[in-house]
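Close look at the chain arrangement
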Amino acid sequence: MPTPDGSVSSPSAPTTSGRQASPRPGVPAPGLKAVDKETTAGIAFGIGAYGLWGLLPLYFFALQPAGAVEIVANRVVWSLIFCTLLITVTRSWRAIAGAFRDRSVFATLAIAAVLIAINWLTYTYGVTTGQAVEASLGYFINPLVSVLLGVFVLKEKLRPLQWAAVGIGFIAVGVLTASYGKLPWIALTLAVSFGLYGFVKKRVGPKVDAVTSLSVETMVLAPLAAATMVWLGVSGVATLASEGPGHFWLLVASGVITAVPLLFFGASARRLPMTTIGLLQYFAPVLQFIVALVVFREAMTLDRWIGFGVVWLALLVLTVDMLRTTRKNSVARKLARTS
């Protein structure tokens, strides 16, 4: 069985004398095999989730000439249809009804819906207007925002390395502001909105699963999204039905493309410790950054490289602190069990 620190303690079969039988040399215990399979599956699901999120700019690029507003409106509506089918197949309507009956859960998910809509709009706008590099920056600095939320909202005390990472992060924002000639508002909006979204979802996480959460959030946003699609159609600027069947089905696929990585993430989070999830999360902005440079050919001046380098230094410091703290907690738990 996996223990809280991620190690394995699997009970062996008792012998006829009542003692525990030791596994034969070279033959792994059954529990260890199970944990290895779960860990491997968790990492695969995690890479799948963050890999799909990292390659999302390519999808938005393929949706041209659709703009950010139309893409997000379609994303909400088709995600809701996909979730409705999924809930029907899994017979999970009772969970949806429970989320709507619980006022605190519904209110929290409604706030999450607004935050993720802001995040989606900002990110899609950044990618579709040639600012994918800055968009990737938002997800690089998101862990620093999460640390600040812990200080100002949860009143947590930061460790020295966390303070150092936050300080370096502020320096990076200053360098990038000078480089861009303006505050990198796309990156900051993405980091703050997603940081708040994660904080809100964590509050309601134990009460609803990923599919229920996404379904309620899209139900909250669906009326406005549907009205937006109608308005764009009446105005003659909608591309859903005017750019051929390929474009139509690409937009319809936004429902699956939105839901699948979220389901992968949920499957990964159930199998892996938060430390591993924390390290995997850098996979998405790295891919986004590479796509922006290699595929979209966005410019990176020397001062921007310096700014990103300072951000990566802050993330390195934060990661070292996270690994050290996890190791200390693991040792402390092992000592507590043996004492």
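Owing to the predicted nature of the structure, the values given are computational and were not obtained by experimental measurement.

**As for the layout of surface pockets**
- Quantified by volume, the second largest pocket comes out at close to 260 Å³.
- Taken together, Ile141, Leu144, Val145, Leu148, Leu149, Val166, Gly169, Phe170, Val173, Leu188, Val192 and Leu196 make up the lining of the second largest pocket.
- For the lining of the second largest pocket, the secondary-structure elements that each account for two or more residues are helix H7 (142-152), helix H8 (160-180) and helix H9 (185-204).

**Topic: the packing of aromatic side chains**
- This structure, assessed with the given rule, holds 20 aromatic pairs.
- Measuring from ring centre to ring centre gives 5.1 Å for Phe100 and Phe106, while their planes differ by 35°; the resulting arrangement is tilted.
- Phe100 gets classed as partly exposed once you look at its relative accessible area, which sits at 36%.
- A centroid spacing of 5.1 Å and a plane angle of 85° characterise the contact between Phe248 and Trp249, whose relative ring orientation is edge-to-face.
- Given a relative accessible area of 27%, Phe248 falls into the partly exposed group.

**Examining the environment of Ile111**
- As for its placement among the helices and strands, Ile111 is situated in helix H5 (residues 103-128).
- You can call Ile111 partly exposed: its relative accessible area is 48%.

**Details of helix H15 (residues 302-338)**
- Here H15 contains 37 residues, and its C-alpha end-to-end distance of 54 Å stays within 8% of the 54 Å for a straight helix at 1.5 Å per residue.
- Of the residues making up H15, those classed as buried are Gly307, Phe308, Val310, Val311, Ala314, Leu315, Val317, Leu318, Thr319, Asp321, Thr325 and Ser330.

**Quick notes on the confidence of the model for the protein**
- On average, residues of the protein carry a pLDDT of 85, and 89% of them reach 70 or more.
- In the model of the protein, helix H13 (residues 274-280) stands out as the element of lowest mean pLDDT, 75, in contrast to helix H11 (residues 245-252), which has the highest, 95.
- Scored below 50 in pLDDT, residues 1-22 shows 32 contacts in the model against residues more than four places distant or in partner chains.

**Topic: the nonpolar core**
- Grouped together as the largest cluster of nonpolar side chains are 64 residues, with contacts concentrated most on Phe60, Val76, Tyr123, Val133, Leu137, Phe308 and Val311.
- Among the elements that make up this core, the one with the highest residue count is H5 (eight residues).
- Ignoring sequence-local partners within four residues, the contact set of Phe60 consists of Ile71, Arg75, Tyr123, Thr124, Val127 and Thr128.
- With nine residues, the next largest nonpolar core counts Ile96, Ala99, Val204 and Val216 among its residues.

**Details of the packing of H5 against helix H10 (residues 210-235)**
- Running from amino to carboxyl end, H5 crosses H10 at an angle of 70°, the nearest separation of the two axes being 8 Å. By the criterion of interaxial angle, the relationship of H5 to H10 is roughly perpendicular. Between H5, through Phe106, Leu109, Ala110, Ala112, Ala113, Ile116 and Ala117, and H10, the contact on the second element is made entirely by Ser213, Val216, Glu217, Val220 and Leu221.
- Looking at the contact of H5 with H10 residue by residue, the class counts come to 10 nonpolar, one polar and one charged.

**A short note on the pattern of salt bridges**
- Counted by the stated rule, this structure contains four salt bridges.
- For Glu134, the salt bridge goes to Lys182, with nearest N and O atoms at 3.9 Å. Taken together, the positions of Glu134 in helix H6 (residues 132-140) and Lys182 in the loop between H8 and H9 put the pair 48 residues apart, joining distant regions of the chain.
- The salt bridge involving Arg159 is made with Asp321; its shortest N-O contact spans 2.7 Å. With Arg159 in the loop between H7 and H8 and Asp321 in helix H15, this pair connects stretches of sequence that are 162 residues apart.

**Things to note about the environment of Ser136**
- Assignment of secondary structure puts Ser136 in helix H6.
- By relative accessible area, Ser136 is classed as buried at 0%.
- Spatially, the C-alpha atom of Ser136 lies 9.0 Å from that of Leu190, the residues being 54 residues apart in sequence.
- If we skip the residues at most four places from it in the chain, Ser136 touches Pro285, Gln288, Phe289 and Phe308.

**Some thoughts on the packing of H6 against H9**
- Interhelical geometry of H6 versus H9 gives an angle of 35° and a closest axis separation of 7 Å. Handedness of the crossing formed by H6 with H9: right-handed. Facing Glu134, Ala135, Leu137, Gly138 and Tyr139 of H6, the residues of H9 in contact are Trp185, Ile186, Ala187, Leu190, Ala191 and Phe194.

**Considering unusual backbone geometry**
- Residue Gln64 is joined to Pro65 through a cis peptide bond whose omega torsion reads 15°.
- Note that Pro65 resides in the loop between helix H2 (56-62) and helix H3 (68-90).
- Despite not being glycine, Arg91 shows a phi value in the positive range, around 55°.
- Residue placement: Arg91 occurs in the loop between H3 and helix H4 (93-101).
- Judged by relative accessible area, which is 77%, Arg91 ranks as exposed.
- At Arg297, a residue that is not glycine, the phi angle is positive and equals roughly 60°.

What counts and what doesn't
- Residues numbered from 1 in each chain as written.
- Predicted model: local features only at pLDDT ≥ 70, side-chain atom pairs only at ≥ 80, totals over all residues.
- Heavy atoms only, no water.
- 1 Å grid on protein atoms, 1.4 Å probe; cavity = no way out; pocket = protein on both sides within 12 Å on 5 of 7 lines; lining within 4 Å.
- Points joined across faces, edges and corners; volume = space filled by probe spheres on them.
- Helix = DSSP H or I, 4+ residues; strand = E, 2+ residues; numbered from the N terminus.
- Phe/Tyr/Trp six-rings, centres within 6.5 Å; stacked < 30°, edge-to-face > 60°.
- Buried < 20%, exposed > 50% of the residue type's maximum accessible area, 1.4 Å probe, protein only.
- Expected span 1.5 Å × (residues − 1).
- pLDDT = per-residue confidence, 0-100.
- Contact = heavy atoms within 4.5 Å.
- Core = buried A, V, L, I, M, F, W, Y, C linked by side-chain atoms within 4.5 Å.
- Axes fitted to C-alpha atoms, helices over the stretch in contact; angles between N-to-C directions.
- Parallel < 35°, antiparallel > 145°, perpendicular 65-115°, else oblique.
- Nonpolar A, V, L, I, M, F, W, Y, C, P; charged D, E, K, R; others polar.
- Salt bridge = Lys/Arg side-chain N within 4 Å of Asp/Glu carboxyl O.
- Left-handed = near helix turned anticlockwise from the far one by under 90°.

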